[in-house]
Amino acid sequence: MPHPTRPLRKLGFLTIGLFDPADPAAGHESTLRIIELGERLGFDSAWLRHRHLQFGISSPVAVLAAASQRTSRIELGTAVTPLGWENPLRLAEDLATVDLLAGGRINPGVSVGEPMHYDTVKHELYPDSGELEDFSYGRVERFARLVAGEPVREFSGRQGVVEEFSNRVEPHSPGLRGRLWYGAGSTASAVWAGATGFNLLSSSVVFPGEDQDPDFALVQQSQIRAFREAAAASGHSRARVSQGLVVIPTDSATPAQREKYQRYVDERTPRTTAPQGPRGMMFARDLVGSSEQIAGQLYAHAGFQEVDEVAFALPFSFDHEDYVQILTDIAGKLGPALGWTPAEAGEPAS
């Protein structure tokens, strides 16, 4: 657990990869440059959000493939890929391919559930099976089995002169199954992830239980503890937990940037004051200020106290130069204030 005398072990960042629909290539290139910068600054990991029919990265696996060829050390992940949009077998093939290209640096994060606004897209996504698709944990379990290399079918071997067939997903990337993450927001999903051998991505959104006080940090803390108990009971002794909050250090920001950042936080703060919707969804407050101020807030955060690695989320709608300033301050100011040591160039992620 991080503590003023216990260093933060891993520091990462998460981006949506926003782009202008009139010039989407520029936005994707900006994301790749940000990942390259993250590696130079010593970050341990870079994560991509997953957005469909929006102006953010819709194909993070493709972007991670490109990033894998422009970096050599930093871990690359998705936080998260909603499996309701994916064919688990095809996704397993793509991720294994990119993981091999990356030298074993890919950390796929996934979630379950019906795709957002499903009624508006199911006629194109699943025209013949829209009412039959399984969006339960079973879809994730199938994906995990395929990634692990378990048999897909009985048929394998040579057919004809040159055709060789396998009974598992190919290529197979050893170790990728141990780097699968689940994005959990409830205690039930955290327990399921721990019992099923996933690592846990705990973000800035949680769903409290009926008997829990609506305190975001305490709810997150209890979910992480429940995950660890379930993981230990299932023999998943090396289970990892990463926390993702929005942090915006302003140490080297210009006055105009500080004004922009504060306005962004002020606009989003009202949603954090009370549970939202029928499930009581709770949002974490964005943290803005000097690195010293943010470090103090994090050390007082019950959820942060449970983890030793983080993937701080970059705000959705900022400009490239803003992300450069924020990442530079996180690596140079906030990370060290949390006891983190940047990785050396060429040093493999541990």
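Note that this is a predicted model, so its numbers are computed, not measured. (Residues numbered from 1 in each chain as written. Predicted model: local features only at pLDDT ≥ 70, side-chain atom pairs only at ≥ 80, totals over all residues. Heavy atoms only, no water.)

Caption draft 1: Geometry of a negative patch on the surface. On the surface, a cluster of negative charge is made up of Glu-210, Asp-211, Asp-213 and Asp-215. Following the sequence through the fold, Asp-215 ends up in the loop between strand E9 (205-206) and helix H7 (216-233). (Patch = residues over 30% accessible without salt bridge, like charges linked within 9 Å, V, L, I, M, F, W, Y side chains within 5 Å. Areas by Shrake-Rupley, 256 points an atom, 1.4 Å probe, with all protein chains shown as cover. Salt bridge = Lys/Arg side-chain N within 4 Å of Asp/Glu carboxyl O. Lys, Arg positive; Asp, Glu negative; His and termini not counted. Charge placed at Lys NZ, Arg CZ, Asp CG, Glu CD. Helix = DSSP H or I, 4+ residues; strand = E, 2+ residues; numbered from the N terminus.)

Caption draft 2: Just the pairing of strand E3 (residues 75-82), in detail. Of all 8 residues in E3, 6 are buried, a share of seventy percent or more. Sheet topology note: the strand E2 (residues 45-48)/E3 ladder contains 4 bridges and is parallel. Residue pairing in the sheet places Trp-47 in a bridge with Gly-77 of E3. For the crossover from E2 across helix H2 (residues 60-68) to E3, the handedness is right-handed. Alignment of E3 against strand E4 (residues 106-111), held across 5 bridges, turns out to be parallel. Looking across to E4, one finds that Gly-77 is bridged to Asn-107. Of the crossover connections in this fold, the one passing from E3 over helix H3 (residues 88-101) to the parallel E4 is right-handed. (Buried < 20%, exposed > 50% of the residue type's maximum accessible area, 1.4 Å probe, protein only. Pairing = 2+ DSSP bridges. Right-handed = clockwise from strand over helix to strand, strands pointing away.)

Caption draft 3: Main features of H2. Within H2, burial applies to Pro-60, Val-61, Val-63, Leu-64, Ala-67 and Ser-68. Buried residues of H2 fall within an arc of 160 degrees about the axis and therefore sit on the same side. (Arc of directions from axis to C-beta.)

Caption draft 4: View of the packing of helix H9 (residues 291-299) against helix H10 (residues 320-337). Close contact between H9 and H10 brings their axes to 9 Å; oriented N to C, the two are set at 45 degrees. When the axes of H9 and H10 are compared, the pair comes out oblique. Handedness of the H9/H10 crossing: right-handed. Along its contact with H9, which presents Ser-291, Ile-294, Ala-295, Leu-298 and Tyr-299, the element H10 presents Asp-329, Lys-333, Leu-334 and Ala-337. Taken together, the residues of the contact of H9 with H10 sort by class into 6 nonpolar, 1 polar and 2 charged. (Axes fitted to C-alpha atoms, helices over the stretch in contact; angles between N-to-C directions. Parallel < 35°, antiparallel > 145°, perpendicular 65-115°, else oblique. Left-handed = near helix turned anticlockwise from the far one by under 90°. Contact = heavy atoms within 4.5 Å. Nonpolar A, V, L, I, M, F, W, Y, C, P; charged D, E, K, R; others polar.)

Caption draft 5: Region of interest: the environment of Lys-10. By secondary structure assignment, the location of Lys-10 is in strand E1 (residues 10-15). With 257 residues separating them along the chain, Lys-10 and Glu-267 place their C-alpha atoms 30 Å apart.

Caption draft 6: Highlighting the packing of aromatic side chains. Taken as a whole and assessed by the stated rule, the structure comprises 16 aromatic pairs. When the centroid spacing of 5.3 Å and the interplanar angle of 50 degrees are considered together, the rings of Phe-155 and Phe-165 count as tilted. One end of the pair, Phe-155, is in the loop between helix H5 (137-148) and strand E5 (157-159); the other, Phe-165, is in strand E6 (residues 163-165), and 10 residues separate them in sequence. Exposure remark for Phe-155: the relative accessible area of 39% places this residue in the partly exposed category. With a centroid separation of 6.1 Å and an interplanar angle of 80 degrees, the aromatic rings of Tyr-299 and Phe-304 are classed as edge-to-face. (Phe/Tyr/Trp six-rings, centres within 6.5 Å; stacked < 30°, edge-to-face > 60°.)

Caption draft 7: Up close: the nonpolar core. Counting residues in each nonpolar core, the largest one holds 84 residues, and the members touching the most others are Phe-143, Phe-198, Ile-248, Leu-298, Phe-312, Leu-334 and Leu-338. Ranked by the residues each element gives to this core, the list is headed by H10, at 6 residues. In this structure, Leu-298 is in contact with Leu-245, Leu-287, Phe-304, Phe-312, Leu-334 and Leu-338, ignoring residues within four places of it in sequence. In this structure, Trp-85, Val-121, Tyr-126 and Phe-135 belong to the second largest nonpolar core, which totals 5 residues. (Core = buried A, V, L, I, M, F, W, Y, C linked by side-chain atoms within 4.5 Å.)

Caption draft 8: Broad picture of the pattern of salt bridges. Using the criterion set out here, one finds 20 salt bridges in the structure. Ionic pairing is found between Glu-75 and Arg-240, a salt bridge with its closest N-O pair at 3.7 Å. Of this pair, Glu-75 sits in strand E3 while Arg-240 sits in the loop between H7 and strand E10 (241-243), and the two are 165 residues apart along the sequence. Arg-240 shares its class with Glu-75; the two are buried. Between Arg-179 and Asp-99 there is a salt bridge whose closest N-O contact spans 2.8 Å. Separated by 80 residues along the polypeptide, Arg-179 in the loop between E6 and strand E7 (181-183) and Asp-99 in helix H3 bring together distant segments of the chain.

Caption draft 9: Inspection of the UniProt feature "domain: Luciferase-like" (unreviewed entry) in the protein at higher detail. Sequence positions flagged by UniProt for "domain: Luciferase-like" (unreviewed entry) are, in local numbering, residues 28-298. Helix makes up 38% of residues 28-298 and strand 16%. Its end C-alpha atoms lie 31 Å apart. (UniProt positions renumbered as here; feature names shortened; annotations may be inferred.)

Caption draft 10: Structural context of the pairing of E2. Side chains Ser-45 and Trp-47 of E2 all project onto a buried face; the interleaved residues Ala-46 and Leu-48 project onto the opposite face, where all are buried too. Two elements, E1 and E2, share 4 bridges in a ladder whose sense is parallel. Bridge pairing in E2 links Leu-14 to Trp-47. What joins E1 to E2 is helix H1 (residues 24-41), and the crossover it makes is right-handed.

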